[in-house]
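# Coordinate analysis (summary)
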Amino acid sequence: MIGLLGGSFDPIHLGHLIVGRAVAEALGLAELRFMPTGEQPLKRGRHVASAAQRVAMAAAAVEGEAGLSVERCEAERAGPSYTVETLRALRAREPGREFVVLLGADAAADLDQWHETAALPGLAW
């Protein structure tokens, strides 16, 4: 199973890595991908760094860390980053793979505002 830890990562910091690693180990994930958002609908206009810069920061943070990587699909896609669309794209790109979406408390608190929330359980754990 592949864990997806999405967020602004503006900037990514040691806390993200510690929590990500701990959750990946607790769940026995084969891989954990940090997934910087491109345009986060609930935080429009609040990024300091560009999507490309945030991807670069995340890539530098996980460099050399076994089992950790960066998923670039949201940052490279034009328009708002919707998790449901990302999961559909990942499942099409990687058929047969299972994904688990990891959320911070801030994201979980806004889950009722997400795009197509009801579709998420059918696409990931």
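Before reading further, recall that the structure is shown in the block above.
The present account deals with the structure reproduced in this document. Residue numbers run consecutively from 1 along every chain, following the written order of its sequence. Per-residue local features are limited, in this predicted model, to residues with pLDDT of at least 70; the limit for side-chain atom pairs, both in listing and counting, is 80 or more; totals at the level of whole chains, interfaces and linings are taken over all residues. Note that water and hydrogens are dropped before the side-chain values are worked out from all heavy atoms of the structure.

Here we come to the environment of S69. In this structure, S69 sits in strand 3 (residues 68-70). Taking the C-alpha atoms as reference, S69 lies 19 Å from G96; in sequence the two are 27 residues apart. Contacts are assigned to residue pairs that have any heavy atoms within 4.5 Å of one another. If we skip the residues at most four places from it in the chain, S69 touches E31, L32, R33, F34 and V62. What counts as a helix is a DSSP run of H or I of at least four residues, what counts as a strand is a run of E of at least two, and both are numbered from the N terminus.

Paired strands, as defined in this entry, are two strands with at least two bridges between them according to DSSP. Taken in spatial order, the four strands make up an open sheet running 3-2-1-4, and their pairing is parallel. The sheet terminates laterally at strand 3 and strand 4 (99-102), the two strands that pair on one side only. Averaged over neighbouring strand pairs, the angle between their axes works out to 30° when direction is ignored. In this sheet, strand 3 lies alongside strand 2 (residues 31-36) in parallel orientation, the contact comprising three bridges. Across the sheet, F34 pairs through a bridge with V70, a residue of strand 3. For helices, the fitted line uses only the C-alpha atoms of the stretch in contact; every axis is such a line through C-alpha atoms, and the angle between N-to-C directions lies from 0 to 180 degrees. Strands strand 1 (2-7), strand 2, strand 3 and strand 4 of the sheet are contacted by helix 1 (residues 14-27), whose axis makes an angle of about 145° with strand 2. Set on the sheet, helix 4 (residues 83-93) makes contact with strand 1, strand 2 and strand 4; between it and strand 4 the angle comes to about 155°.

The α-helix advances 3.6 residues per turn, and as a result positions three or four apart in sequence lie on the same side. Multiplying one less than the number of residues by 1.5 Å gives the expected span of a helix. Over its 14 residues, helix 1 runs 20 Å from end to end, which matches the ideal 20 Å to within 8%, given 1.5 Å per residue. What helix 1 keeps buried is the set L17, G20 and A24. One face of helix 1 carries all of its buried residues, which in axial projection span an arc of 70°. For helix 1, the exposed residues lying more than 90 degrees away from the buried face are L14, I18, V19, E25 and A26. In this structure, the buried residues of helix 1 make contact with strand 1, strand 2, helix 2 (51-62) and strand 3. A positive phi of about 65° marks G28, the residue just after helix 1. Each residue gets one of three labels from its accessible area relative to the maximum for its type: buried under 20%, exposed over 50%, partly exposed in between, using a 1.4 Å probe on protein chains only. Directions drawn from the helix axis to the C-beta atoms are what define this arc.

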